[in-house]
Amino acid sequence: MSRTYLITGAASGIGKVTATQLKEQGHTVIGADLKDADIVADLATPEGRAHLVQQAGELSGGRLDAVIAGAGLAGFAPRAVSVNYFGAVATLEGLRPLLVAGTDPRAVVIASVASVHPHDTAIADAALAGDEEAALAAAHAAVDRGEGYAIYGSTKAAIARWIRRTAVTADWAGAGIPLNAIAPGTVVTPMTEPMLASPDVRKIVDQTVPMPLHGHAQPAQIAPLLTWLTSPENELVTGQVVFIDGGADAVLRGDGTW
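Position numbers for residues count from 1 along each chain, tracking the sequence in the order it is written. A pLDDT threshold of at least 70 governs which residues receive local features in this predicted model, and a stricter bar of 80 or more applies before side-chain atom pairs are shown or counted, although totals over entire chains, interfaces and linings include all residues. Water and hydrogen atoms play no part in the side-chain values, which are based on all heavy atoms of the structure.

Q: Help me out: how do you make sense of the packing of aromatic side chains in this one?
A: Any aromatic ring pair is given by two values, namely how distant the centres are and how the planes are angled relative to each other. Pairing of aromatic rings covers Phe, Tyr and Trp, the last counted by its six-membered ring, and requires centre-to-centre distances within 6.5 Å; plane angles under 30 degrees mean stacked, over 60 mean edge-to-face, and any other angle means tilted. Under the criterion given, the structure shown has one aromatic pair. Measuring from centroid to centroid gives 4.9 Å for Tyr85 and Phe86, while their planes differ by 80 degrees, and the two rings are edge-to-face. The burial state of Tyr85 is the same as that of Phe86; both residues are buried. Throughout, exposure labels follow a simple rule: accessible area from a 1.4 Å probe, protein chains only, divided by the maximum for the residue type, with under 20% read as buried, over 50% as exposed, and the rest as partly exposed.

So this is what it looks like as structure tokens:
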């Protein structure tokens, strides 16, 4: 049965490949991104988030079967806080009414194995409190301390915790909507290719995200997991951060958390 998807970050990387695979399977995909998309919206801003929701309602006819919140930023910029956390939450919360109107609705956000790295608790706590101004201030403070590297992992840790808190609530589990996250390791995309092109940076990446199984991933290896989590076949998996990282999480955390 054909389903209607909305994917943010659909113009490149994992989002683009996932959209292509879903279309090849006969599904309808509404793509959102900063450019080259059905919906052009900047999820770093409240106006862009509102535009996404408004356009999604119009283009979908008022119903969606699945949402994949894939838009994200890497690097040391505080703007990543607004996109990776607040943009993702606004996407999922804003589109939830359209999912309620859909058939076998499902939702998933792209987090990262960086969510298990040491992170800035001030950024993550402010994000989870819904205080974007404070989260941005904490991110700027991290940059000023020379710790801008912690921003990305902090946003991903926060969104992973939000998923765990939110998925089991009446609005999601109670409404029959599985809500999950995936946590890729290093994926070769337009966002990561410039970093991986530098031998020195690549060495640091491989030290912080060790991937003993097949090394760096391609977007086409990530897309099938997103497709399954947002399919009708997924009836019970919810509130999970599913690591698809070539073993990085197992290397970094071992078995001590079980």
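Next, the rest of the story.
Q: Just to check I follow, could you spell out the pairing of strand β1 (residues 4-8) for this structure?
A: The side chains of a regular strand alternate between both faces of the sheet. The buried count for β1 comes to five of five residues, which makes it a mostly enclosed element. The alternating pattern of β1 places Thr4, Leu6 and Thr8 on one face and Tyr5 and Ile7 on the opposite face, and all of these are buried. Between any two strands, pairing holds if DSSP finds at least two bridges. Secondary structure elements follow DSSP: runs of H or I of four or more residues count as helices, runs of E of two or more count as strands, with numbering from the N terminus. Examined bridge by bridge, β1 and strand β2 (residues 28-33) share five bridges and lie parallel to one another. For Thr8, the partnering residue across the bridge sits in β2 and is Ala32. Looking down the strands as they point away from the viewer, one classifies a crossover as right-handed if the path from the first strand across the helix to the second runs clockwise. Regarding the hand of the β-α-β motif, the stretch spanning β1, helix α1 (residues 13-24) and β2 is right-handed. Inspection of the sheet shows β1 paired to strand β4 (residues 66-69) by four bridges, in the parallel sense. Bridging from a neighbouring strand, Thr8 pairs with Ala69 of β4.

Q: Explain the pairing of β4 to me, please; I cannot follow it from the model alone.
A: What you see with β4 is no split at all: Ala66 and Ile68 on one side and Val67 and Ala69 on the other are buried throughout. For the crossover that starts at β4, traverses helix α3 (residues 79-100) and ends in the parallel strand β5 (residues 106-110), the hand is right-handed.

Q: Before we go on, may I ask you to explain the nonpolar core in this structure?
A: Considering soluble globular proteins, one finds that nonpolar side chains tend to be buried as a cluster. The term nonpolar core refers to a set of buried residues drawn from Ala, Val, Leu, Ile, Met, Phe, Trp, Tyr and Cys, joined through side-chain atoms within 4.5 Å. Of all hydrophobic cores here, the largest spans 46 residues; its most connected members are Tyr85, Leu92 and Trp162. Here this core takes ten residues from α3, the largest share from any one element. Contacts are residue-level and defined by heavy atoms, with any inter-residue pair within 4.5 Å sufficient. Setting aside chain neighbours within four positions, we find Trp162 in contact with Tyr85, Val89, Leu92, Glu93, Leu128 and Leu179. Core analysis: the next-biggest nonpolar cluster, separate from the first, contains 21 residues, Tyr5, Ala66, Val108 and Ala248 among them.

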